[in-house]
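Results of the structural survey
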Amino acid sequence: MSDVKPASLRLVLGDQLSRDNPVLRDADPACDWIWMAEVPTEATHVWSHKARIALFLSAMRHFRDELKAAGYTVIYHVLDTHDFPSLRATLDADLEHYAPAQVLCTQPGDWRVRNSLADAVRFRADTHFLCASSEFADWARGRKRLVMEHFYRRMRKAHAVLMDDGKPAGGAWNFDKSNRKSFGREGPGMLPPPPAFQPDRITREVLTAVEEHFGTHPGSLAQFNWPVTRQQALAALDDFITHRLPAFGAWQDALWTGEPFLYHSLLSAALNLKLLNPREVIAAAEAAWQKGHADIAAAEGFIRQILGWREYVRGIYWLTMPDYLERNALNAQDALPDFYWTGETDMQCLHEVISQTLEFGYAHHIQRLMVTGLYALLLGVRPQAVHEWYLAVYVDAVEWVELPNTLGMSQFGDGGLLGTKPYAATGKYIQRMSNYCDGCRFDPAQRTGDNACPFTTLYWDFLDRNRNSLADNHRLGFQYKNLDRISVAEMQAIRKAARRLRNG
Ligand code: FAD
Ligand code: SF4
């Protein structure tokens, strides 16, 4: 192969595994070569969960084989067959060797990767998303506040999703009142099991390689069960629409011990690797509503996550990077507690969510926002440390979606660009939405004393500590009135208890 030169080299990155990838559009298998590389820095720039590494590698190797079967020449660097540490170093060696006339790549999802390739590669626009970054920037220009709801309604109209003669289908833009229930004492009952994807030969080889190269990384591979091909991703979509979409809306915010998945779709990783296109996912949910299989509250609640939140956070990411990464509006400076890497804490909610995260590389949105995210926010952990943890431990973690969710939504590090107020709550929120507190030695109603719930203690301390930054926020007026009702003596006890928690 070394004497033959490609007319062009077309890079396919680990989260660009779609036959609709714009670099494949006009690729001629006779003379244009595909280039893919497994590189250690992508697994180590944050201390990645083993399942996250395995998912990327297995999906990449399956896609490589699919392209080869379609007649393409694929230069593919397997992890343990080369010494180059980074994507750019691996590419540079090949550029010198093959000297292609053109090097093309679809715009990388992460700023870090785009920056590292920018002077070597011609980028093509990423057509996976429904809203181009430039379109989002046009929408954002001149607006005082970038309200997700406004963006979402615009997207519904622009793409004619759940619209009825120019009006929102079902007579409302959202159905939050019918959604977001908790299970109550009786619990969720029998739940549909998630679909099973038995590891094939390629996945088994990858699991072995990950243990060999990244054995000290967090998490387990024992439960690895993620779709790694487009065919499996389509099966996962079908399984969700058939078995879980109808109950998605009602229970999307609920939490329950020993039930990591509930009625969630488990599609984020397949979407982020681009095994699925968001348009087909939205269309499947809309069709389920049209056929009467799911009600409007369920379909809208689900579609909002993809057409609304997913597109919105990507818009925010590209609008604000790289400066966004450094934001720390509340000047939070603490380190992330060590138990985030082990789950070893007697706070039952954190133990449950972190253990599940390490076991599966998965937690649903409310677990991420209102348990692990909430605790870090109340404790005052540096947003960048929280960001690195979230980027490491979830199989769906890619920076363009993870960072705005973590630094913005969950840690209020952007000072309110993404959400109008911090998602701060006492342990009573967790008690209302879950049964975690039943098995916990703490009491969510107590803010001081031996049994005080650390969330509840830290909540009042958080409001107190951040008074200068937050007291003028009109959405926190009620909370600050309640804070002011606490006696001086009790406030001193809260501050002392919070200091103890912060000191571990
Ligand atoms: P479902 O609950 O079934 O939702 C359906 C789909 O909607 C998801 O697959 C996802 O594609 C999309 N979605 C839902 N909520 C969001 C959101 N807030 N932002 C963007 N898309 C959304 N999502 C990621 O894909 N990668 C991440 O790295 C990531 N990090 C997060 C970090 C924090 C602190 C928080 C609070 C949320 C994060 N999310 C992230 C968003 C959300 O938690 C996950 O998309 C979701 O839990 C994935 O599980 P699911 O596929 O079962 O989702
Ligand atoms: Fe979590 Fe507090 Fe409930 Fe314990 S009592 S599970 S720490 S919210």
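Everything discussed here concerns the structure shown above.
Turning next to the site of ligand 1. Around ligand 1, the surrounding shell holds 30 residues, and the nearest of these are H264, S265, L266, N272 and Y362. For ligand 1, an oxygen atom lies 3.0 Å from a polar atom in the backbone of L267. Side-chain polar atom of Q305 to a nitrogen atom of ligand 1: 3.4 Å apart, as the coordinates give it. Against a free-state accessible area of 820 Å², the protein chains account for coverage of 99% of ligand 1. Secondary-structure elements contributing two or more residues to the shell around ligand 1 are α10 (268-272), α12 (296-320), α14 (365-379) and α16 (399-410).

A few words on the nonpolar core. In this structure, Y312, L350 and F455 are the most contacted members of the largest nonpolar core, which totals 150 residues. No other element matches α12, which puts twelve residues into this core. When near neighbours in sequence (up to four residues on either side) are disregarded, F455 contacts M347, C349, L350, V371, L374, Y375, L378, A425, T426, G427 and I430. Counting residues in each nonpolar core, the second largest holds 18 residues, with L9, L91, C105 and L117 among its members.

Quick look at the site of ligand 2 now. What surrounds ligand 2 is the set M347, Q348, C349, G427, I430, Y436, C437, C440, F442, P444, C453 and F455. At a threshold of 2 Å from the grid points, most atoms of ligand 2 map onto the second largest cavity. Taken together, the elements giving at least two residues each to the shell around ligand 2 come down to α13 (348-360) and α17 (427-433). Looking at the shell around ligand 2, its residues break down into ten nonpolar, two polar and no charged.

Our focus in this paragraph is empty space enclosed by the protein. What the rule picks out here adds up to four cavities of 30 Å³ or more. Taken together, 30 residues make up the lining of the largest cavity; nearest its centre are G14, D15, E42, F56 and R112. Elements supplying a minimum of two residues to the lining of the largest cavity: α1 (41-44), α2 (50-69) and α4 (111-117). In terms of residue count, the dominant contributor to the lining of the largest cavity is α2 (five residues).

Inspection of every chain in the model, using the stated rule, returns 31 salt bridges. Where R112 meets E42, a salt bridge forms, and the shortest distance between an N and an O atom there is 3.0 Å. Here the residue R112 occupies a position in helix α4, and E42 occupies one in helix α1, the gap between them amounting to 70 residues. On the accessibility criterion, E42 (30% relative accessible area) is partly exposed. D138 is paired through a salt bridge with R141; the nearest N and O atoms lie 3.0 Å apart. We classify R141 as exposed; its relative accessible area is 58%. By sharing partners, the salt bridges in this structure join E149, R153, R156, E300 and R304 into a single network.

This next bit is on the environment of D200. Summarising the element assignment, D200 is placed in the loop between β7 (167-168) and α7 (201-214). Given a relative accessible area of 32%, D200 falls into the partly exposed group. As a C-alpha pair, D200 and P383 span 183 residues in sequence and 39 Å in three-dimensional space. Here I202 takes part through its backbone nitrogen, which lies 3.3 Å from a polar atom of the side chain of D200. Polar side-chain contacts of D200 include one of 2.9 Å to the backbone nitrogen of T203.

Right, let's talk about helix α8 (residues 230-243) for a bit. Helix length check: α8 (14 residues) gives 20 Å between terminal C-alpha atoms against 20 Å at 1.5 Å per residue, within 8%. Those residues of α8 not exposed but buried are Q232, A233, A236, L237, D239, F240 and I241. Contacts from the buried residues of α8 go to α9 (245-251), α10, α11 (278-290) and α12.

About the criteria used
- Residues numbered from 1 in each chain as written.
- Chains lettered and ligands numbered in written order.
- Predicted model: local features only at pLDDT ≥ 70, side-chain atom pairs only at ≥ 80, totals over all residues.
- Heavy atoms only, no water.
- Near = heavy atom within 4 Å.
- Polar contact = N/O pair within 3.5 Å; in protein donor to acceptor, adjacent residues only side chain to side chain.
- Areas by Shrake-Rupley, 256 points an atom, 1.4 Å probe, with all protein chains shown as cover.
- Helix = DSSP H or I, 4+ residues; strand = E, 2+ residues; numbered from the N terminus.
- Core = buried A, V, L, I, M, F, W, Y, C linked by side-chain atoms within 4.5 Å.
- Buried < 20%, exposed > 50% of the residue type's maximum accessible area, 1.4 Å probe, protein only.
- Contact = heavy atoms within 4.5 Å.
- 1 Å grid on protein atoms, 1.4 Å probe; cavity = no way out; pocket = protein on both sides within 12 Å on 5 of 7 lines; lining within 4 Å.
- Sits in = over half its atoms within 2 Å of the grid points.
- Nonpolar A, V, L, I, M, F, W, Y, C, P; charged D, E, K, R; others polar.
- Points joined across faces, edges and corners; volume = space filled by probe spheres on them.
- Salt bridge = Lys/Arg side-chain N within 4 Å of Asp/Glu carboxyl O.
- Expected span 1.5 Å × (residues − 1).

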